[in-house]
Amino acid sequence: MQKLLAFALLLYATAPLADEGVGERLAACVACHGKSGEGVRGAEYYPHLAGKPAGYLFEQLKGFRDGRRVNPQMAWLVQFADDTWLREIADYYAALPPRAHAADTGADALTPERRERAERLVREGDPVRNVPACSACHGANLAGLEPGIPATVGLPADYIVAQFGHWRDGVRHAIEPDCMREVARAIAPEDIRAIATWLSQQSNPEGTRPAPAGSFTPPTSCGALHTETTR
Amino acid sequence: MKLRRVFAIAALVLLPFVLAAAAVVGVLFARQGGFAPYRVPHGGGRAVAGDAATIARGEYLARLGDCVACHTTRGGAPLAGGRAFATGIGTVYSSNLTPDRDHGIGDWSADEFAHAMRHGVARRGPLYPVFPYAHFAGVSDADLDAIYAWLRAQPASDFVPPPNRLEAPADSRRALIGWRMLYYRPDQTAPLDPSDRGRYLVEGLGHCAMCHSARGERGSLPPEGHFAGGVIPGVGWYAPPLDSVQLQRYSEQQLADYLRDGTSPHGSAYGPMAEVAYASLRWLTSEDALAIARHLKQIAPSPLRPQPTAVAAQTDASGKGADVYARACADCHGKNGEGENGAYPPLRDAVAVTAPDPINAVRMVLYGGMEVTTTGNPRPHSMPPFVQQLDSAEVAAVVNHIRRTWGGQDSRLTDDDVDAMHGIVID
């Protein structure tokens, strides 16, 4: 734990201050992820990147390259990129201010019952199906946890539904133990859309960053949190 | 009675034809190498050195031959095979080359391995020509042994690649004997002279001609199309001719740097060439890169190569393409298609604008790209995809504009043509 904290501090201290031309080199990403990785309004499938943990982003970029995540547009762009460059890209987006606005404010409204159920699942989980609360891992404010758990607020609803599908179908893989796969498989299919819609409507007006590594402990072990120490 | 006589006469008349046919089959069979390719040596105790230096040399050679790239699926165990290759007749999967005795080539002798590389025939029968054995055939014994030694030193995997999915009759390996009789001419791939280093690497392990040549019937590679450029079967990208004319705009050193860095003042590698640069050429020593560049720059243009067009620069009447260009492309590629050295490739004389086929230009505009990461270009630049920003008519207009203005091509793409070229091709 202390080691993790020390590492996080070190990362913070060595984070590049200026962008050193990285942004200019990433012109390709702007089309779908926005000028500062904040996402593109109106193109609501594309997830935002800004302010997510660097360790998480790095893992995802490698995942598209190496087949642990499948998306042709992403694989096309990163398939011939080495780890050093992907790491720099991840650091660049992680250092940008997190996206503050919600995703689909215009999405079909949830009925009061569905909204209440969604929020309870997020905050308390589903004891019947043995699903832990989302907030137990993604943080009470759902802003994520360094180095491997991203924020879930403000993600497009369709994107969240698709990711749950990818985990359930075995198309998306995180570092083992893949705790998020267990969550995605345990949750009732009819609840996924409600949770996704609810999450997409949450904003992050203060631009809260992911909690520092080790500041709380998820209920089950997640490989995603051990990327930095095992690297 | 009568019937019998008719048969007898018919037989007499037909006999010469039957004999002639048999003779043709005999000649064709002899020209594809006779029986020798089908005598696959099993066992054989020839020992191959497995010291660290040989293994390191084998690794270098295997990279130049791109064995790992073709014999690995995205995310799969290295060399365990299973990568799919689309061909005109169906899908062929690469094989498991790891030292696993049951699923790889762990119980192959050095002779059996060399035989497969030389003749394209393994114990399970003739191999499909997606495996570039016609090129590997000229590689020296010592180099094949070094590759063998390196393969032996890799981790074993018990992965079983999916069975090939091919149409009849091509699904039978025996049918490949017929293909070889028509199209495979081993005398043209006679041993290459290793001291002529550039040529040895280009014609041998580099198998550059596999993509950079004009194809004949049934995916064959006729000698007159050697390095004439062409559309690569299965993936659809166009690979340009490799000869003194095409490569005139590069100095020897620039060309050597392009191979190792994946980028140069005259263009950056993309599509299948990006994979070749990333998996293979970026590992070249500077001496080998220069030797390859020297050889490429003195290859005489093949008779089948498209003639460079002398059409004077044409402009498009509507001006729509020029408008799109000014708005969406000029920031990077320059007002006059001159590019920006060290950042963005020029479009003037670029492969995609001089190519007879517009596919490369259309795909780049639709899906963009990120240059390959290499030691010489560790933080590469990228081009945005325009598939969401421009409609098909605008894509057609801008591609026509750059191909007419800087490529001398009388490009007349329509929005329907562009629609037909949609779709990202990876793997």
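Residues numbered from 1 in each chain as written. Chains lettered and ligands numbered in written order. Predicted model: local features only at pLDDT ≥ 70, side-chain atom pairs only at ≥ 80, totals over all residues. Heavy atoms only, no water.

Caption draft 1: Fine view of the overall build of chain B. Along its length, chain B carries 18 helices and 11 strands. Its C-alpha radius of gyration of 24 Å places chain B within 12% of the 22 Å reference for a compact globule of 427 residues. Along the longest, intermediate and shortest principal axes, the C-alpha atoms of chain B span 80 × 70 × 40 Å. Among the 427 residues that make up chain B, the fraction classed as buried is 48%. Across chain B, contacts joining residues at least 24 apart in sequence account for 67% of those joining residues at least 6 apart. Just so you have it, chain B exposes about 20,100 Å², and 59% of that area is on carbon and sulfur atoms. (Helix = DSSP H or I, 4+ residues; strand = E, 2+ residues; numbered from the N terminus. Rg over C-alpha atoms; globule rule 2.2 N^0.38 Å. Buried < 20%, exposed > 50% of the residue type's maximum accessible area, 1.4 Å probe, protein only. Contact = heavy atoms within 4.5 Å. Areas by Shrake-Rupley, 256 points an atom, 1.4 Å probe, with all protein chains shown as cover.)

Caption draft 2: Region of interest: the sheet that holds strand β2 (residues 90-93) of chain B. All names here are of chain B. On the basis of which strands lie adjacent, the open sheet formed by three strands has the order β1-β2-β5 and antiparallel pairing. Edge positions in the sheet fall to β1 (84-87) and β5 (165-166), since each of these pairs with one other strand and no more. The sheet contact formed by β2 and β5 spans two bridges and is antiparallel. Bridge assignment links Thr91 to a residue of β5, and that residue is Arg165. (Pairing = 2+ DSSP bridges.)

Caption draft 3: Main features of the domain arrangement of chain B. Residue and element names in this part refer to chain B. In terms of domain boundaries, chain B breaks down into domain 1 (38-199) and domain 2 (208-421). In this structure, domain 1 and domain 2 have C-alpha centres spaced 30 Å apart. Contact between domain 1 and domain 2 buries roughly 1,600 Å² in total, counting both sides, with carbon and sulfur atoms accounting for 56%. The largest share of the area that domain 1 buries against domain 2 comes from Tyr60, Arg63 and Tyr183, three residues that together contribute 32% of it. Where domain 1 meets domain 2, there are two salt bridges. Summed over the shared surface of domain 1 and domain 2, the result is eight residue pairs in polar contact (both at pLDDT 80 or more). Taken together, the elements giving at least two residues each to the side of domain 1 that touches domain 2 come down to α2 (52-64), α7 (175-183) and α8 (197-203). Of the residues assigned to the side of domain 1 that touches domain 2, the class counts are nine nonpolar, three polar and five charged. (Domains from an automatic or database assignment. Buried area = accessible area lost by both parts, 1.4 Å probe. Salt bridge = Lys/Arg side-chain N within 4 Å of Asp/Glu carboxyl O. Polar contact = N/O pair within 3.5 Å; in protein donor to acceptor, adjacent residues only side chain to side chain. Nonpolar A, V, L, I, M, F, W, Y, C, P; charged D, E, K, R; others polar.)

Caption draft 4: Quick peek at the interface of chain B and chain A. Listed as interface residues are 27 residues of chain B and, on the opposing side, 28 residues of chain A. Each partner contributes to the roughly 2,400 Å² buried at the junction of chain B and chain A, and carbon and sulfur atoms together form 57% of this total. In terms of surface lost to chain A, no three residues of chain B exceed B:Arg74, B:Met370 and B:Arg379, which account for 29% of the buried area on that side. Across the pair A:Glu88 and B:Arg379 runs a salt bridge whose closest N-O atoms are separated by 2.7 Å. Taken together, the links from chain B to chain A amount to 16 residue pairs in polar contact (both at pLDDT 80 or more). With four residues, helix α11 (residues 271-279) of chain B is the largest single contributor of residues to the side of chain B that touches chain A. For the side of chain B that touches chain A, the residue count by class is 15 nonpolar, nine polar and three charged.

Caption draft 5: Just the pattern of salt bridges, in detail. According to the stated counting rule, one finds 25 salt bridges over all chains in the structure shown. A salt bridge links A:Arg181 to A:Glu182, with the shortest nitrogen-to-oxygen separation between them at 3.0 Å. As a salt-bridge pair, B:Arg197 and B:Asp288 come within 2.9 Å of each other at their nearest N and O atoms. Of this pair, B:Arg197 sits in helix α8 while B:Asp288 sits in helix α12 (residues 286-297); the two residues are 91 residues apart in sequence, bridging distant segments of the chain. Under the relative-accessibility criterion, B:Arg197 is labelled partly exposed at 28%. A single salt-bridge network, built from bridges that share partners, covers A:Glu59, A:Lys62 and A:Arg68.

Caption draft 6: Fine view of unusual backbone geometry. Here A:Glu176 and A:Pro177 are connected by a cis peptide whose omega angle stands at -5 degrees. Tracing the chain through its elements places A:Pro177 in the loop between α9 (157-169) and α10 (179-186). The backbone of A:Asn130 sits at a positive phi, close to 65 degrees, despite the residue not being glycine. Even without glycine at this site, B:Asp349 takes up a positive phi of about 65 degrees. Within the element layout of this structure, B:Asp349 appears in the loop between α14 (330-333) and α15 (351-354).

Caption draft 7: Seen up close, the packing of aromatic side chains. Inspection of every chain in the model, using the stated rule, returns 14 aromatic pairs over all chains. Ring geometry for B:Phe131 and B:Phe136: centres 5.9 Å apart, planes at 65 degrees, overall edge-to-face. Among the aromatic residues, ring-to-ring pairing joins B:Phe131, B:Tyr133, B:Phe136 and B:Tyr184 into one connected group. Sitting over the face of the ring of A:Phe58, A:Arg87 holds its NZ or CZ atom 5.1 Å from the ring centroid. The ring of B:Trp283 has B:Arg63 sitting right over it, with the charged end atom 3.6 Å from the ring centre. (Phe/Tyr/Trp six-rings, centres within 6.5 Å; stacked < 30°, edge-to-face > 60°. Lys NZ or Arg CZ within 6 Å of the ring centre and 35° of its normal.)

Caption draft 8: Structural detail: the domain arrangement of chain A. Residues and elements named next belong to chain A. Looking at chain A, the domain boundaries give domain 1 (2-95) and domain 2 (112-226). Measuring from the centre of the C-alpha atoms in domain 1 to the corresponding centre in domain 2 gives 20 Å. Summed over both partners, the interface of domain 1 with domain 2 buries about 1,800 Å², with 59% contributed by carbon and sulfur atoms. The tally of links between domain 1 and domain 2 comes to zero salt bridges. The tally of links from domain 1 across to domain 2 stands at eight residue pairs in polar contact (both at pLDDT 80 or more). When contributions to the side of domain 1 that touches domain 2 are tallied by element, the ones reaching two or more residues are α1 (2-14), α4 (54-66) and α6 (83-95). A class-by-class count of the residues in the side of domain 1 that touches domain 2 yields 12 nonpolar, four polar and five charged.

Caption draft 9: A look at a negative patch on the surface. Residues B:Asp391, B:Asp415, B:Asp416, B:Asp417 and B:Asp419 make up a contiguous surface patch of negative charge. On the secondary structure map, B:Asp391 appears in the loop between β11 (382-383) and α17 (392-407). (Patch = residues over 30% accessible without salt bridge, like charges linked within 9 Å, V, L, I, M, F, W, Y side chains within 5 Å. Lys, Arg positive; Asp, Glu negative; His and termini not counted. Charge placed at Lys NZ, Arg CZ, Asp CG, Glu CD.)

Caption draft 10: Molecular detail of the state of the cysteines. Evaluation of the coordinates by the stated rule reveals one disulfide over all chains. A sulfur-sulfur separation of 2.1 Å characterises the disulfide bridge that pairs A:Cys179 with A:Cys222. In this structure, the disulfide formed by A:Cys179 and A:Cys222 twists by about 110 degrees around the S-S bond and is classed as right-handed. Taken together, the residues A:Cys179 in helix α10 and A:Cys222 in the loop between α11 (189-200) and α12 (227-230) connect sequence positions 43 residues apart. For A:Cys222, a relative accessible area of 2% puts it in the buried group. Sulfur of B:Cys70: no disulfide; nearest cysteine sulfur belongs to B:Cys67 and is 8.6 Å away. Not engaged in a disulfide, the cysteine B:Cys211 finds its nearest cysteine sulfur in B:Cys70; these two sulfurs lie 8.9 Å apart. (Disulfide = S-S within 2.5 Å.)

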